[in-house]
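Now for the letters of each chain:
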Amino acid sequence: TATTEIYTLSYTLSLHDALPIFAENKRILLSTQKEKRNTLHQLTTINKIIEQRTELIEGIQTEIIVTDGDIFTQTMRLETLKFDYERENEKLLKTVRKAYKTRKSSREIVFLYSSNNFKQALKRWKYLKKLSDYRKQQVASIQIQAQQVSDAISELNHTKKQKVTLLTAKEREKQELETDKSTKQKLVVELSSREKELREKIRENERQVAKLYRDWE
């Protein structure tokens, strides 16, 4: 470049010409050092952000694993409830079919009429009613629990989907930061090389200026 040529041939120049070249190299050096400091500061900031993103990503990954575990547990619970429902519902259907075959529970009527007194008959009637109501309540309770578990599974799947979306976004942000970090690291290397070159030029300028001063005197 023109600057290099002037630097290389500066020994033929006068003191008047050499001083501006020396000053310009000093100015460029200061500018390079400032740019390097700024870039190093940016690198420090990027590293901190990358560290935070990494912690956040690891946290989200852990939450997803926990959510998967909850989904599995609730799914198993739902399968158990379905089994219980089918079992209790089958009992209820058998009771209904049995009552139909015996013409509206003739055995229950015999059971009631075999009581020793009205008080005992009333107790037996309440017992039979409670037994029938209990079976119905069991089926209804299982249905309610199954719906609650199903809703919980849907909510967990929705939560997992949100976390996976967030995880993808944070991983993309981290990748962009890593790319920016790599670019700035290369810039620091270039600036350090330029700084070293400028320091060598300035030292040579100082020697030449000192020589010109001696020759001038």
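Residues numbered from 1 in each chain as written. Predicted model: local features only at pLDDT ≥ 70, side-chain atom pairs only at ≥ 80, totals over all residues. Heavy atoms only, no water.

Quick rundown of the overall build of the protein chain? Include the residues and the values.
Scanning the protein chain from terminus to terminus reveals four helices and zero strands. Helices and strands appear in the protein chain in the N-to-C order α-α-α-α. Per-residue burial for the protein chain yields a buried fraction of 22% across its 217 residues. Long-range pairs, those at least 24 residues apart, make up 88% of the contacts in the protein chain with a sequence separation of at least 6. Of the accessible surface of the protein chain, which amounts to about 16,000 Å², a share of 55% is contributed by carbon and sulfur atoms. (Helix = DSSP H or I, 4+ residues; strand = E, 2+ residues; numbered from the N terminus. Buried < 20%, exposed > 50% of the residue type's maximum accessible area, 1.4 Å probe, protein only. Contact = heavy atoms within 4.5 Å. Areas by Shrake-Rupley, 256 points an atom, 1.4 Å probe, with all protein chains shown as cover.)

Give me the lowdown on the nonpolar core, citing residues and values where you can.
L78, L81, I142, A146, V149 and I153 form the largest nonpolar core, which has six residues in total. Secondary-structure elements contributing two or more residues to this core are α2 (15-101) and α4 (118-216). No other element matches the four residues that α4 contributes to this core. Ignoring any residue separated from it by four or fewer positions in sequence, one finds A146 in contact with L78 and L81. (Core = buried A, V, L, I, M, F, W, Y, C linked by side-chain atoms within 4.5 Å.)

Help me get a handle on the side chain of K170, residues and values and all.
Assignment of secondary structure puts K170 in helix α4. Beyond its immediate stretch of four places on either side in the chain, K170 contacts R53, L56, I57 and I60.

Tell me about the pattern of salt bridges, residues and numbers included.
Taken as a whole and assessed by the stated rule, the structure comprises 14 salt bridges. Ionic pairing is found between E88 and R87, a salt bridge with its closest N-O pair at 3.7 Å. Accessibility expressed as a relative area gives 8% for E88, which makes it buried. Residue classification places R87 among the partly exposed residues on the basis of a relative accessible area of 38%. For R207, the salt bridge is made with E204, and the minimal N-O distance between the two is 2.4 Å. Placement of both R207 and E204 in helix α4 is noted, with a separation of three residues, approximately one turn of the helix. Because the salt bridges share partners, they merge into one network encompassing K36, E195 and R199. (Salt bridge = Lys/Arg side-chain N within 4 Å of Asp/Glu carboxyl O.)

So, the environment of V209: which residues are in play, and what are the values?
Of note, V209 is situated in helix α4. Overall, the relative accessible area of 10% leaves V209 in the buried class. The sequence separation of V209 and D17 amounts to 192 residues, and the corresponding C-alpha distance is 9.9 Å.

Got a sec to walk through the side chain of E88? Specific residues and values, please.
Structurally, E88 can be placed in helix α2. Excluding its chain neighbours within four sequence positions, the residues that come into contact with E88 are Q138, V139 and I142.

I'd love a proper account of the confidence of the model for the protein chain, names of residues and values included.
When pLDDT is averaged across the protein chain, the result is 78; 72% of the residues are at 70 or more. Of all helices and strands in the protein chain, the one with the weakest mean pLDDT is helix α1 (residues 2-8) (39), whereas α2 scores best (85). Low pLDDT (under 50) marks residues 1-12, which in the prediction has eleven contacts with non-local residues, meaning those over four places away or in another chain. (pLDDT = per-residue confidence, 0-100.)

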